[in-house]
Amino acid sequence: MEVIETVAQMQQRAEALRMAGHVLSLVPTMGFLHEGHLELMRVARKHSDRVIISIFVNPIQFGPTEDYDAYPRDTEGDLEKARRVGVDVVFLPREQEMYPTGFQTEVRVKEVTQHLCGLSRPGHFEGVTTVVAKLFHMTKPHLAVFGQKDYQQLTVISRMVKDLSMDIRVLGVPTVRDPDGLAMSSRNKYLTTDERVSALSLKKSLNLAEEMFKKGEGSAPGIKRAITDLIESHPHTEIDYISICDPVTLEEVKRLGDENLVALAVRVGKTRLIDNCLLRVKQ
Ligand code: PAF
């Protein structure tokens, strides 16, 4: 496994691999890798013959009161996990090279960023699209792999790739969960034992929404009320949003249609967790 730390070397390596006829995939990460990330790498491997991952805790996607400084980091552990899963290249760019003095460009997707996390984390998605566009230019992948746990991020990046005619296929991979249902996230590390129990209310809420939908419930406010009660019955929880929306535009719906997204953001203690599921009428 190669570890590359400069943009020039990364671009040269990616170009050489392309010229040699390899199909390149990129899994962008902020490190502190868990099974969810490793699954993205396994999927990347199935669709390409050279897997590149990037590890970069991107300062511009964190708000001023968010956890950039505290975000968990473990480069040595990450390299070991990446090696075990068969990654070919790990790209570890430095902040000074990513955002040198004078940096002033932003990539902004205008509409799908105006819902869900875009409302509670102003500027977050501009930080994500800007860094992902840069990582695409640095690693030159044919395909890029993202988790469906960050459903809105996947939607925003897919939109950017389409709108900017980037010649990159974007693949979404289903959420990987712990055996008790908690969606894997680097931020789960912050949860105390009690909070972790309360964190299960997110998945329980999605299960409840699924059950209600299957039984014919078509009112979004009705499902939201039931989910709110369920989450609020768990200690340490504070709901940021519960959204039932169109899975493409992410606009809120009042009545459920054939395809709907249920997306949640809940603060458990000091940790903000997100989760989602699609509710579909079976064909
Ligand atoms: O999902 C993440 O870990 C980050 O938002 C990403 C895509 C690596 C961009 O910094």
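In short, a report on the structure. (Residues numbered from 1 in each chain as written. Predicted model: local features only at pLDDT ≥ 70, side-chain atom pairs only at ≥ 80, totals over all residues. Heavy atoms only, no water.)

Turning our attention to the environment of A144. Mapped onto the elements, A144 comes out in strand β5 (residues 143-147). By relative accessible area, A144 is classed as buried at 0%. Linking A144 and G181, residues 37 residues apart in sequence, is a C-alpha distance of 26 Å. Dropping the residues within four chain positions of it, A144 is found in contact with L26, F136, I168, R169, V170 and L171. (Helix = DSSP H or I, 4+ residues; strand = E, 2+ residues; numbered from the N terminus. Buried < 20%, exposed > 50% of the residue type's maximum accessible area, 1.4 Å probe, protein only. Contact = heavy atoms within 4.5 Å.)

Every residue close to the ligand is listed here: P28, T29, M30, N58, Q61, V128, V131, F146 and Q153. Q61 places a side-chain nitrogen or oxygen 2.6 Å from an oxygen atom of the ligand. Here an oxygen atom of the ligand and a side-chain polar atom of Q153 are 2.7 Å apart. Burial of the ligand by the protein amounts to 88% of the accessible area it has alone, namely 280 Å². Elements with a contribution of two residues or more to the shell around the ligand: β2 (24-29) and α6 (124-139). Of the residues that constitute the shell around the ligand, the class distribution is five nonpolar, four polar and no charged. (Near = heavy atom within 4 Å. Polar contact = N/O pair within 3.5 Å; in protein donor to acceptor, adjacent residues only side chain to side chain. Areas by Shrake-Rupley, 256 points an atom, 1.4 Å probe, with all protein chains shown as cover. Nonpolar A, V, L, I, M, F, W, Y, C, P; charged D, E, K, R; others polar.)

The next subject is the environment of Y99. Its place among the elements puts Y99 in the loop between α4 (95-98) and α5 (117-120). Between the C-alpha atoms of Y99 and P179, which are 80 residues apart in sequence, the distance is 39 Å. Other than its neighbours up to four places away in sequence, Y99 contacts F56, N58, P59, I60, V131 and K134. Of the polar contacts made by the side chain of Y99, one reaches the side chain of N58; its length is 2.6 Å.

Taking 1.5 Å of rise per residue, the 13 residues of helix α7 (residues 151-163) would be expected to cover 18 Å, and the 18 Å separating its terminal C-alpha atoms lies within 8% of that figure. Here α7 has its buried residues at Y151, Q152, Q153, L154, T155, V156, I157, M160 and V161. Here the buried face of α7 lies against α5, α6, β5, β6 (169-173), β8 (259-268) and β9 (271-280). Of the residues trailing α7, S165 is marked for its positive phi of about 50 degrees. (Expected span 1.5 Å × (residues − 1).)

Bringing the packing of aromatic side chains into the picture now. All told, the structure shown has four aromatic pairs when counted by the stated rule. Members of the aromatic cluster, joined through ring pairs, are F56, Y99 and F103. Here the guanidinium or amino end of R73 rests over the ring plane of Y68, the centre of that ring lying 5.0 Å away. (Phe/Tyr/Trp six-rings, centres within 6.5 Å; stacked < 30°, edge-to-face > 60°. Lys NZ or Arg CZ within 6 Å of the ring centre and 35° of its normal.)

The phi torsion at F32 lies on the positive side, around 50 degrees, for a residue other than glycine. Examined against the element boundaries, F32 turns out to sit in the loop between β2 and α2 (35-47). Look at K140: it is not a glycine, yet its phi comes out positive at around 50 degrees. Structurally, K140 can be placed in the loop between α6 and β5. Judged by relative accessible area, which is 25%, K140 ranks as partly exposed.

This part is about the nonpolar core. V132, F136, I157 and M160 are the most contacted members of the largest nonpolar core, which has 43 residues in total. For this core, the elements supplying multiple residues, two or more each, are α1 (7-19), β2, β4 (89-91), α6, β5, α7, β7 (237-245) and β8. Excluding residues that lie within four positions of it along the chain, F136 makes contacts with L26, P141, A144, F146, I157, M160, V161, M166 and I168. Counting residues in each nonpolar core, the second largest holds 23 residues, with L202, F213, I223 and L279 among its members. (Core = buried A, V, L, I, M, F, W, Y, C linked by side-chain atoms within 4.5 Å.)

So, about the state of the cysteines. Tallied over the entire structure, the rule returns zero disulfides. Of the cysteine sulfurs around C117, a residue in no disulfide, the closest is that of C245, at 11 Å. Looking at C117, the relative accessible area reads 6%, which means it is buried. C277 takes part in no disulfide bond, and the closest cysteine sulfur to it belongs to C245, at a distance of 11 Å. Residue classification places C277 among the buried residues on the basis of a relative accessible area of 9%. (Disulfide = S-S within 2.5 Å.)

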